[in-house]
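Examination of the molecular architecture
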Amino acid sequence: MIARAVTPAARKRFVRACRGAPGLEVLLPVERALFARSQPGRFYAGPGLALDVGGPEALAAGGANPEELAAFLQFCGCSALITNGTAPAGWRADGHLYGFALAAGAQLPEPAADEALWAALALDAAPPAGELAAFLYPAGPQRDDYYSALCTKRVRGLARVWALRQGGVLAATIGAYAIRDGRAYLACGCTAEPLRGRGAGGRLAVRFANALAGQGLEVCLLCRGERTGFYTRLGFAPAGVLARYTNETGKESYA
């Protein structure tokens, strides 16, 4: 039975279900530890399931009864699920996320880049959260959500972000947005449109990943299919796959 991950036993089930799930192994436990009190209706556990229903696209590690999972997600208002486990009954397969990793202590070779451009960029190892939020999410509710979550994680030492500046303005960024038990989960890699295709974002990603791995952290990330070539070229190793499912019937079926 799926229930809120609030009791000690449920919290243990939640963490146990995350083991071995690409990316989610570190991301889900960090999110639950930080936000379970302020968002009590967000995190759930089953005998072999960890579930985060913090938005219309839920995240799940492990398995559950397909019919129960489908009904529960519909009750929570979720229309999509990313998981390494059970497909909700009646939901449609809708793509994949691919995991990549860099082992603790390993180092990637530095990729080629436009050297004239690179020389004009300055590294900012602690960019302000407000600037990052505006850079990554120029509009919409994600901007405030990102800002709040990053501030909370930084205070607890669970997130680190690097950025490149061009003339003092943010030009590229990447961060570790969940750090736990010797693992660091990379996300929000973004380069300003005029700089794309010139190697700056890839070099920033490699330097950042190498710094984390050099500190004894295993680095992991998830990306969509069109980005797998990018991370393969940088030298990251494949580390599993997550499936994405969408509700074919839509919210009208349970409104």
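This is a predicted model, so every value here is computed, not measured.

Parameters at a glance
Residues numbered from 1 in each chain as written. Predicted model: local features only at pLDDT ≥ 70, side-chain atom pairs only at ≥ 80, totals over all residues. Heavy atoms only, no water. Salt bridge = Lys/Arg side-chain N within 4 Å of Asp/Glu carboxyl O. Helix = DSSP H or I, 4+ residues; strand = E, 2+ residues; numbered from the N terminus. Buried < 20%, exposed > 50% of the residue type's maximum accessible area, 1.4 Å probe, protein only. Pairing = 2+ DSSP bridges. Contact = heavy atoms within 4.5 Å. Axes fitted to C-alpha atoms, helices over the stretch in contact; angles between N-to-C directions.

Okay, the pattern of salt bridges next. A full pass over the atoms with the stated rule returns 16 salt bridges. With a closest N to O distance of 3.6 Å, glutamate 110 and arginine 203 form a salt bridge. In this pair, glutamate 110 sits in the loop between β6 (91–102) and α4 (115–119) while arginine 203 sits in helix α7 (residues 200–214), placing the two residues 93 residues apart along the sequence. With a closest N to O distance of 3.0 Å, aspartate 114 and arginine 198 form a salt bridge. One end of the pair, aspartate 114, is in the loop between β6 and α4; the other, arginine 198, is in the loop between β10 (183–191) and α7, and 84 residues separate them in sequence. Judged by its relative accessible area of 33%, arginine 198 falls in the partly exposed class. Among the charged side chains, a salt-bridge network with shared partners connects Glu31, Arg42, Asp52 and Lys153.

This part covers the sheet that holds β10. What the 12 strands build is an open sheet, ordered β1-β2-β3-β4-β5-β12-β6-β11-β10-β9-β8-β7; its pairing is mixed. Either end of the sheet is taken by a strand with one partner, and the two such strands are β1 (3–4) and β7 (121–124). The pairing of β6 with strand β11 (residues 218–224) spans 6 bridges and is antiparallel. In the sheet register, phenylalanine 100 faces β11, and the bridge partner there is leucine 221. Its contacts with the sheet place helix α2 (residues 24–35) against β2 (43–46), β3 (49–52), β4 (57–62), β5 (80–83), β9 (169–180), β10, β11 and β12 (237–247), and it is angled at close to 85° to β9.

So far we have only geometry, and geometry alone does not tell us how the molecule works.
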